[in-house]
Amino acid sequence: MDFSWSNEQMEFKRSVIRFAQNELGKGLVERDRQAEFPRDEWRRCGQFGILGLPFPEQYGGSEADILTTLLTMEGLGYGCRDNGLIFAMNAQMWSVQMPIYSFGTDAQKQRYLPGLCRGEIIGAHGMSEPDSGSDAFSLRTRAQRVDGGYLLNGSKTFVTNAPVSDMAVVFATVDPAKGMWGVTAFLVDRGAPGFTVGRNLDKMGLRTSPMGELVFQDCFVAEAARLGPEGSGAKIFNHSMEWERSSILASHVGAMERQLEECIAYARQRQQFDQPIGRFQSVANRIADMKVRLETARLILYQVAWLKKQGKPAVMEAALAKLYLSEAYVQSSMDAIRIHGGYGYMTEFQVERELRDAVGGTLYSGTSDIQRNIIARLLGL
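Conventions adopted
Residues numbered from 1 in each chain as written. Predicted model: local features only at pLDDT ≥ 70, side-chain atom pairs only at ≥ 80, totals over all residues. Heavy atoms only, no water. Helix = DSSP H or I, 4+ residues; strand = E, 2+ residues; numbered from the N terminus. Rg over C-alpha atoms; globule rule 2.2 N^0.38 Å. Buried < 20%, exposed > 50% of the residue type's maximum accessible area, 1.4 Å probe, protein only. Contact = heavy atoms within 4.5 Å. Areas by Shrake-Rupley, 256 points an atom, 1.4 Å probe, with all protein chains shown as cover. Lys, Arg positive; Asp, Glu negative; His and termini not counted. Charge placed at Lys NZ, Arg CZ, Asp CG, Glu CD. Axes fitted to C-alpha atoms, helices over the stretch in contact; angles between N-to-C directions. Parallel < 35°, antiparallel > 145°, perpendicular 65-115°, else oblique. Left-handed = near helix turned anticlockwise from the far one by under 90°. Nonpolar A, V, L, I, M, F, W, Y, C, P; charged D, E, K, R; others polar. Core = buried A, V, L, I, M, F, W, Y, C linked by side-chain atoms within 4.5 Å. Disulfide = S-S within 2.5 Å. Phe/Tyr/Trp six-rings, centres within 6.5 Å; stacked < 30°, edge-to-face > 60°. Salt bridge = Lys/Arg side-chain N within 4 Å of Asp/Glu carboxyl O.

**Q** Describe the overall build of the chain, listing the residues and the values that go with them.
**A** Counting its regular elements, the chain contains 13 helices and 10 strands. For the chain, the C-alpha radius of gyration of 21 Å lies close to 21 Å, the compact-globule estimate for 381 residues. Put simply, the chain has 381 residues, and 57% of those count as buried. Considering only residue pairs separated by 6 or more positions, the chain has 75% of its internal contacts joining residues 24 or more positions apart. Working note: accessible area of the chain is about 16,200 Å², and carbon and sulfur atoms make up 51% of it. Charge centroids of the chain, computed over 42 positive and 44 negative side chains, lie 2 Å from each other.

**Q** Lay out the packing of helix H5 (residues 83–103) against helix H6 (residues 106–118) with the relevant residues and their values.
**A** Relative orientation of the contacting elements H5 and H6 amounts to 155 degrees, with a least axis distance of 9 Å. Taken together, H5 and H6 sit at an angle that is classed as roughly antiparallel. Both H5 and H6 take part in a crossing whose hand is left-handed. The segment H5 lies against H6, with Gln92, Val96, Gln97, Ile100 and Tyr101 engaging Gln108, Lys109, Tyr112, Leu113, Leu116 and Cys117. Looking at the contact of H5 with H6 residue by residue, the class counts come to 7 nonpolar, 3 polar and 1 charged.

**Q** Now, about the side chain of serine 365: what can you tell me, with residues and values included?
**A** With respect to the helices, strands and loops of the structure, serine 365 is situated in the loop between helix H12 (352–360) and helix H13 (368–378). With sequence-adjacent residues up to four places away left out, serine 365 is seen in contact with Met241, Glu244, Arg245, Ile248, Lys322 and Gln371.

**Q** Describe the nonpolar core, naming the residues involved and giving the relevant values.
**A** Judged by nonpolar contacts, the single largest core of 68 residues is most densely connected at Leu24, Trp42, Met73, Leu76 and Ile339. Mapped by element, the contributors of at least two residues to this core are helix H1 (7–23), helix H3 (39–48), helix H4 (66–79), H5, helix H8 (250–269), helix H9 (281–309), helix H10 (315–340) and H12. The element that contributes the greatest number of residues to this core is H9, accounting for 12 residues. Other than its neighbours up to four places away in sequence, tryptophan 42 contacts Phe37, Leu51, Leu85, Ala88, Met89, Gln92, Gly119, Ile121, Ile122 and Asn161. Membership of the second largest hydrophobic core comes to 19 residues, among which are Ala143, Ala162, Ala192 and Phe195.

**Q** So what's going on with the state of the cysteines? Residues and values would help.
**A** Chemically, a disulfide is nothing more than a covalent bond linking the sulfur atoms of two cysteines. With the rule as written, the count across this model stands at 0 disulfides. Between cysteine 80, a free cysteine, and cysteine 45, which holds the nearest cysteine sulfur, the sulfur-to-sulfur gap is 6.9 Å. Of the residues examined, cysteine 80 reaches a relative accessible area of 0% and is grouped as buried.

**Q** Requested: an account of the packing of aromatic side chains, with residues and values cited.
**A** For the structure on display, the rule yields 11 aromatic pairs. Seen from their ring centres, phenylalanine 195 and phenylalanine 216 are 4.8 Å apart, and the 10 degrees between their planes marks the pair as stacked. On the criterion of sequence distance, the pair formed by phenylalanine 195 in strand S6 (residues 195–197) and phenylalanine 216 in strand S7 (residues 211–222) is long-range, its members being 21 residues apart. Phenylalanine 216 matches phenylalanine 195 in its accessibility class, with the two residues each being buried. Both rings, one in phenylalanine 273 and one in phenylalanine 280, keep their centres 6.2 Å apart while their planes meet at 80 degrees; by these two values the pair is edge-to-face.

**Q** Outline the pattern of salt bridges, listing residues and values.
**A** Counted according to the given criterion, the structure contains 29 salt bridges. The closest approach of N and O atoms between arginine 18 and glutamate 11, which form a salt bridge, is 3.0 Å. Since its relative accessible area comes to 41%, arginine 18 is described here as partly exposed. When its relative accessible area of 35% is taken as the criterion, glutamate 11 is described as partly exposed. Between lysine 309 and aspartate 65 there is a salt bridge, and its shortest N-O distance comes to 3.2 Å. Note that lysine 309 is positioned in helix H9 and aspartate 65 in the loop between H3 and H4, a separation of 244 residues in sequence. For lysine 309, a relative accessible area of 43% translates into the label partly exposed.

**Q** An account of the side chain of glutamate 317 is requested, with residue identities and associated values reported.
**A** Structurally, the position occupied by glutamate 317 is in helix H10. The charged side chain of glutamate 317 is buried without a salt bridge, its nearest counter-charge being lysine 308 at 9.2 Å. Excluding its chain neighbours within four sequence positions, the residues that come into contact with glutamate 317 are Gln303, Val304 and Leu307.

**Q** Just give me the short version of the packing of H3 against H5, but keep the residues and values in it.
**A** In helix packing, the relevant descriptors are the interaxial angle and the interaxial distance, both defined with respect to the helix axes. Contact pair H3 / H5: the axes reach a minimum separation of 11 Å and the direction vectors enclose 55 degrees. In terms of orientation, H3 lies oblique with respect to H5. Considering the relative orientation of H3 and H5, their crossing is right-handed. Each of Glu41, Trp42 and Cys45 in H3 lies in contact with H5, whose residues at this interface are Leu85, Ala88, Met89 and Gln92. Classifying every residue of the contact of H3 with H5 by side-chain character gives 5 nonpolar, 1 polar and 1 charged.

Following this line, the structure appears as structure tokens:
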């Protein structure tokens, strides 16, 4: 595996860092407190080309390979402190844009991808339900066959981007007796009769990323809006999750690098007992552990990207990456608070927010326990 980067790739990463530092994260402390989504910054990211990175030029993308895309998202995480905004963009790219690109008809791609890539419309991904979380395919949302299409009835919860979305990829079952083989995906526009969006859900972290509910009451969806063949929803969902688990935490690597640099700078300048606190072994060891986690996370992430670029399966590696990166970011965020002491616990210093945001990574796109189950199953257990 060759993880060396071309001058062009590194320069693009640097340009993304500069863009993020100059254009994103304005007034973040207050926006986090108010759970306010920065739609203007979302549009800027679309105009810059971030949302379209791995997608074809004909749909407004850049046709970047997966390694370049993850390197770019790493740079975005380094330059932008707004983890919620980055999470929301990743959620759209991998669980909305990627399934439309991979499984959609030409008409569906032309209708949705250009606007999604440019940041002009926002997409949501409706899978989780009040009684269906990790057991993803035990859906109660029904898709009843009617003349010309389907009637959707049911609800989705914990849907990223729901309150600000213009459309959604929605999963429903055409026949509960078929289990996962009855699950089917649909593309539903906001404003469709019978489709309503619930309130923004208040949460611990990633507060600038809106999350809400989708409710369907006899919502008619034309057959032309079905994504893929009937019963292929499980395949589409699993495909999306492999991409998401491979990619959604790339920005965490950049955030962990920024976090490490800030902790080193603080440990050098903060004086206690007439010496910098970095001279104390307990502080120095925490920083050393943060460095080990960072480099390990980076290598695991790049391995997944390399495998996908080669067209090889990466189910195991994606699960390993999702598990390790999410847990590592939580631990390093805890260490950052301990290193900063009381200042790290104060909101205005923007250290404690990293921990609140990091916890979500152990839950979304499959919890840490689900990743362990996947790894164990692939090991033959």
